[in-house]
Amino acid sequence: KDYTLAGFENDNDKLSIFPNPTTDITNIRFIVTENSNIKITVFDLLGNKIEETVDNYYTKGIYDVKLKIDKFINGTYYIRYQLGEKTISKLLVINK
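None of these values were measured; they are calculated from a predicted model.

Points about the packing of aromatic side chains
- This structure, assessed with the given rule, holds five aromatic pairs.
- Note on Phe30 and Tyr58: the rings are 5.3 Å apart at their centroids and 90° apart in plane angle, and the pair reads as edge-to-face. Residue Phe30 is located in strand β2 (residues 25-32), and its partner Tyr58 is located in strand β4 (residues 49-58); the two are separated by 28 residues in the primary sequence.
- For Phe30, a relative accessible area of 0% puts it in the buried group.
- Judged by its relative accessible area of 14%, Tyr58 falls in the buried class.
- With centroids separated by 4.6 Å and ring planes inclined at 65°, the aromatic side chains of Tyr58 and Tyr63 adopt a geometry described as edge-to-face.
- Since its relative accessible area comes to 22%, Tyr63 is described here as partly exposed.
- Joined through ring pairs, the aromatic side chains of Phe30, Tyr58, Tyr63 and Tyr81 make up one cluster.

Parameters and conventions
- Residues numbered from 1 in each chain as written.
- Predicted model: local features only at pLDDT ≥ 70, side-chain atom pairs only at ≥ 80, totals over all residues.
- Heavy atoms only, no water.
- Phe/Tyr/Trp six-rings, centres within 6.5 Å; stacked < 30°, edge-to-face > 60°.
- Helix = DSSP H or I, 4+ residues; strand = E, 2+ residues; numbered from the N terminus.
- Buried < 20%, exposed > 50% of the residue type's maximum accessible area, 1.4 Å probe, protein only.

Shown next, in the form of structure tokens:
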């Protein structure tokens, strides 16, 4: 599999956010390596939960979710991806 073409930095990367920085909508692409419940949550830099974007059961594969940022203020946010016990966090910059 060519993970770079799918928007991932390498074959260990499970979460991609683009465009980043963003002005209106960003895409969250994630890999599900085993059938599992997936949670994707947005936090501000103080750790306050802003939005739970995904909380569903997914089968193995690559998925895309659009995040509308119209209700967010300019700033930097954490996107947290949880697959079972595994957690990955990446930064998202919003600059409207």
